[in-house]
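Inside the fold
Each chain, written out:
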Amino acid sequence: MELFYRPLMIFLFGYLFLRFTGKKAVSQMHSFDMLFILIIGNVISQPLQKDSVWKALFYTFMIVLLYKIFMWISLHNKLRWILYESPTVIIRNGDIDRKGLRKVRLPVDELLAQLRVLGYTDTRNISLAAMEDNGQISVIPKANYRPVQPGDLKVKVKKEFIPIPVIMDGQIIDHNLKYLKLDRDWLLKRVKQKGAEIRDIILATITDSGTLHIDTNNPHNEDKGPYSYKPGEDN
């Protein structure tokens, strides 16, 4: 039983500890966060080799607690500027800052590659580019090269509305229905009107106009147009 007991305990408690520290993608992690992950991963895996499970879990809990304390202090104190490194400027007014590149150890060809990923092919069009503490590059283009905004054209745009999913993979999402002040009876009636079955629905959303949009496992091709083409079909 010990072969199953230890890995299960470590996995469950490790998952709970990481959830307790908060959501954050690897690309958003600062150096302090990465150090915490490396330490906690090493400590919590020790019982798989030799030590006590509960001792490792206690040490892990203490590290998580210290991490939360430091994070709380960093939000209310100047300690933040010790824990987190300031952004490093690598382009100023179209000119590459070689000192900044040396500081972040970023070759020019890699800089150009990352700028292309962001949609910038000419450094002369960039007003300011900086590498953040999490390793991502943020870019502020020059005024003449930034995307046109509706305000520039004096165009009034309506407030954006994100379609709210009410069915996903054949499962009704009750809390979204509650948020929309709708119920299952209303949803089932609309689904029936559209000739669909709940179990066949991949995604159903409510739009800003209150319309139910359904995407099912059984798409219907109205004609033999280009959108109905399947590679390998006899033509």
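One structure accompanies this document, and this report is about it. (Residues numbered from 1 in each chain as written. Predicted model: local features only at pLDDT ≥ 70, side-chain atom pairs only at ≥ 80, totals over all residues. Heavy atoms only, no water.)

1. What to know about the overall build of the protein chain
Helix and strand content of the protein chain: eight helices and eight strands. For the protein chain, the proportion of its 235 residues judged to be buried stands at 30%. A separation threshold of at least 6 residues defines the contact pool for the protein chain, and within that pool the share at least 24 residues apart is 48%. Accessible area of the protein chain: about 17,900 Å², with a carbon and sulfur share of 58%. (Helix = DSSP H or I, 4+ residues; strand = E, 2+ residues; numbered from the N terminus. Buried < 20%, exposed > 50% of the residue type's maximum accessible area, 1.4 Å probe, protein only. Contact = heavy atoms within 4.5 Å. Areas by Shrake-Rupley, 256 points an atom, 1.4 Å probe, with all protein chains shown as cover.)

2. Overview of unusual backbone geometry
If you check the backbone angles, Lys-154 has positive phi at about 55 degrees while not being a glycine. Following the sequence through the fold, Lys-154 ends up in the loop between strand E4 (137-141) and strand E5 (164-168).

3. A look at the pattern of salt bridges
Close approach of charged atoms allows side chains of opposite charge to pair. Overall, the coordinates contain five salt bridges when judged by the stated rule. Close ionic contact of Asp-152 with Arg-146 constitutes a salt bridge, the shortest N to O distance being 3.1 Å. Owing to a relative accessible area of 35%, Arg-146 belongs among the partly exposed residues under this scheme. Notably, a salt bridge pairs Arg-199 with Glu-197, separated by 3.9 Å at the nearest N-O pair. Overall, the relative accessible area of 64% leaves Arg-199 in the exposed class. (Salt bridge = Lys/Arg side-chain N within 4 Å of Asp/Glu carboxyl O.)

4. Some words on the side chain of Asn-125
By secondary structure assignment, the location of Asn-125 is in the loop between helix H6 (108-117) and strand E3 (126-131). Overall, the relative accessible area of 19% leaves Asn-125 in the buried class. Among all residues touching Asn-125, those that are not within four sequence positions of it are Pro-141, Lys-142 and Tyr-145.

5. Structural notes on the environment of Thr-123
Mapped onto the secondary structure, Thr-123 falls in the loop between H6 and E3. A relative accessible area of 14% places Thr-123 in the buried class. Distance from Thr-123 to Ile-91, taken between C-alpha atoms, is 7.6 Å for residues 32 residues apart in sequence.

6. Some details on the sheet that holds strand E6 (residues 171-172)
Ordered in space as E6-E5-E7-E8, the four strands form an open sheet in which the pairing is antiparallel. Only two strands of the sheet have a single partner each, and these edge strands are E6 and strand E8 (212-216). (Pairing = 2+ DSSP bridges.)

7. Some points on the sheet that holds strand E2 (residues 95-96)
Pairing is antiparallel in the open sheet, where four strands are placed in the order E2-E1-E3-E4. With partners counted over all chains shown, the strands left at the sheet margins are E2 and E4, one partner each. For E3 and E4, the ladder comprises five bridges, and the chain directions are antiparallel. Its bridge partner lying in E4, Ala-129 is registered against Val-139.

8. What about the nonpolar core?
Grouped together as the largest cluster of nonpolar side chains are 14 residues, with contacts concentrated most on Val-166, Ile-167, Leu-187, Val-191, Ile-201 and Leu-212. Of all elements in the fold, only E5, helix H8 (184-193), strand E7 (201-206) and E8 reach the threshold of two or more residues within this core. Filtering out sequence-adjacent residues up to four positions away, Ile-201 remains in contact with Ile-167, Met-168, Asp-169, Gly-170, Val-191, Ala-196, Ile-214, Asp-215 and Thr-216. Residues Ile-90, Ile-91, Leu-101 and Ala-129 belong to the second largest nonpolar core, which totals 12 residues. (Core = buried A, V, L, I, M, F, W, Y, C linked by side-chain atoms within 4.5 Å.)

9. Observations concerning the pairing of E4
Residue alternation in E4 divides its side chains into a buried set, Ile-137, Val-139 and Pro-141, and an unburied set, Ser-138 and Ile-140. The turn linking E3 back onto E4 is made up of five residues, and Gly-135 within it adopts a positive phi angle of 90 degrees.

10. Some thoughts on the environment of Met-62
Its location among the elements puts Met-62 in helix H3 (residues 53-76). The exposure class assigned to Met-62 is partly exposed, which follows from its relative accessible area of 34%. For the pair formed by Met-62 and Ile-40, sequence separation is 22 residues and the distance between their alpha carbons is 9.9 Å.

11. Details of the pairing of E8
Alternating positions in E8 separate cleanly, Leu-212, Ile-214 and Thr-216 being buried on one face and His-213 and Asp-215 remaining unburied on the opposite face. Pairing analysis gives five bridges linking E7 to E8, with the strands arranged antiparallel. By the bridge assignment for E8, Ile-206 is matched with Leu-212. As consecutive antiparallel partners, E7 and E8 are separated by five residues, and within that stretch Gly-210 has a phi angle of approximately 85 degrees, a positive value.

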